[in-house]
Amino acid sequence: MAGEIRYIPVWQAHNPHIRADAMALWARLKVLPAQADPVARADEICMAAYDGNRLVGVETCRVRFLAALDARFAFTNVLVDPDYRQCGISSALLLHSYYLLAGWAQAHPEERLAGTGFVLVNPKLGRRPVVGDGFFLIGFSHEGHQLRITWFENYRLHDRDLALSSGSGHALRWEWAWRRNASGPVADAMALWTKLGMRPRGVETRDRTAEISLVGYDGERPVAVSTVKPVFHPGLGEIFAGLSLVVDPAYAHADVRHRMAKENFSRLEQWSAADPGKPWAGLMTVYEDPEMGAFPVDPSGLVLAGYAKSGGQIRLNWFAHAQVEPGRAVEKPFLLSG
């Protein structure tokens, strides 16, 4: 029976006692690869968990570059003594290391450390794409293992001084139109597209209007419209609700579009959960405007998950009911370097 577990930060702190205990634990459990140097691995210790004087869990950390996100993450590896598994020690180590490394990153902005992550190799785990304190399934490795990350709250993607939460000054009214045959909002959406010169060519009107999900009004004037269609994500092997937004330039503030994304996510999540036959795993969109995405997690909850060929940010969020395969081969696996 586990007693009161103590969690000790070790990141970049040379602690001979903990290093010796960790190397002894690795040797006893025979977990290090044959070519691994235990001394070098001890240099990577980030957190340690003790029950009294007994080391029962150790977490190592290595900073690696994720090219698909153009950012550096502290990838961690947790080992828990078999006698102490199912005690929540692994999750606690991940949580403690997140705050430890977030504080270190804030104190060392020149390092541009964006968050923490881990590779999930246990095939019995990983059905939920978001676990714990926001560890988010971002893709799969070449070996088919899940890559999960969480961004630091204070990390900024660029240094431009943008008023992301300044508000638009407009109290807009939203009309949900998805699968409702709502002739009024559909006509208003078509009028807005025509006004802005964005009515698509070569697309049947009935096909485009079937994709309308939300129309925003200032009084009776339509000023924003969103459409949704299924989009396959080759790096995750899942189908998402692909969101597109059109906003009148006079109302094109980041907060208006974030509010539209949030409303779409909430409504589509309910719709998808009510019909198990719908394979949508979440909501996905592309931000081409840098004002939309100074932070990797925006006010709507959409998370930076990569970059399009255009340079736009690929943003997505998983529906709460989504489940995924613990491991899979995908068309576009993530590359880790470092």
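Here, the structure is the one placed above.
Residues numbered from 1 in each chain as written. Predicted model: local features only at pLDDT ≥ 70, side-chain atom pairs only at ≥ 80, totals over all residues. Heavy atoms only, no water.

A.B. asks: Which parts of the structure should I look at to understand the pattern of salt bridges?
C.D. replies: One side chain can pair with another of opposite charge once the charged atoms of both are near each other. Counting across every chain of the model gives 15 salt bridges. Asp83 is paired through a salt bridge with Arg54; the nearest N and O atoms lie 3.0 Å apart. One end of the pair, Asp83, is in the loop between strand 4 (71-80) and helix 3 (89-107); the other, Arg54, is in strand 3 (residues 54-66), with 29 residues separating them in the sequence. Taking relative accessible area as the criterion, Asp83 reaches 57% and is therefore assigned exposed. Given a relative accessible area of 32%, Arg54 falls into the partly exposed group. (Salt bridge = Lys/Arg side-chain N within 4 Å of Asp/Glu carboxyl O. Helix = DSSP H or I, 4+ residues; strand = E, 2+ residues; numbered from the N terminus. Buried < 20%, exposed > 50% of the residue type's maximum accessible area, 1.4 Å probe, protein only.)

A.B. asks: Before we go on, may I ask you to explain the pairing of strand 5 (residues 113-120) in this structure?
C.D. replies: Each regular strand carries side chains that alternate between the two faces of the sheet. Of all eight residues making up strand 5, seven are buried, and the element is well covered by its neighbours. As paired elements, strand 4 and strand 5 share four bridges and run parallel to each other. In the sheet register, Arg72 faces strand 5, and the bridge partner there is Leu113. Running through helix 3, the crossover from strand 4 to the neighbouring parallel element strand 5 is right-handed. (Pairing = 2+ DSSP bridges. Right-handed = clockwise from strand over helix to strand, strands pointing away.)

A.B. asks: Help me understand the nonpolar core in this model?
C.D. replies: For soluble globular proteins, the rule of thumb is that nonpolar side chains tend to be buried together. Counting 46 residues, the largest nonpolar core has Leu69, Phe73, Ile89, Ile149, Trp151, Leu316 and Trp318 as the members making the most contacts within it. Tallying contributions element by element places helix 3 first for this core, with six residues. Other than its neighbours up to four places away in sequence, Ile149 contacts Leu66, Leu69, Phe73, Phe75, Thr116, Gly117, Gly134, Phe135, Phe136 and Ile138. If you look at the next biggest cluster of nonpolar residues, it comprises 23 residues, including Trp176, Ala224, Val256 and Leu302. (Core = buried A, V, L, I, M, F, W, Y, C linked by side-chain atoms within 4.5 Å. Contact = heavy atoms within 4.5 Å.)

A.B. asks: It is not clear to me how the pairing of strand 7 (residues 135-140) should be interpreted in this structure. Could you clarify?
C.D. replies: Extensive coverage of strand 7 is indicated by the burial of six of its six residues. In this structure, strand 6 (residues 130-131) lies alongside strand 7, joined through two bridges in antiparallel fashion. Each bridged residue has a counterpart across the sheet, and for Val130 the counterpart in strand 7 is Phe136. Connecting strand 6 to the antiparallel partner strand 7 that follows it, the hairpin turn spans three residues, and Gly132 within it adopts a positive phi of roughly 55°. The pairing of strand 7 with strand 8 (residues 146-151) spans four bridges and is antiparallel. Paired with Phe140 across the strands is Gln146, a residue of strand 8. Linking two consecutive strands that pair antiparallel, namely strand 7 and strand 8, is a turn of five residues; a positive phi of about 90° is found at Gly144 within it.

Bear in mind that shape data such as this cannot, by itself, settle questions of function.
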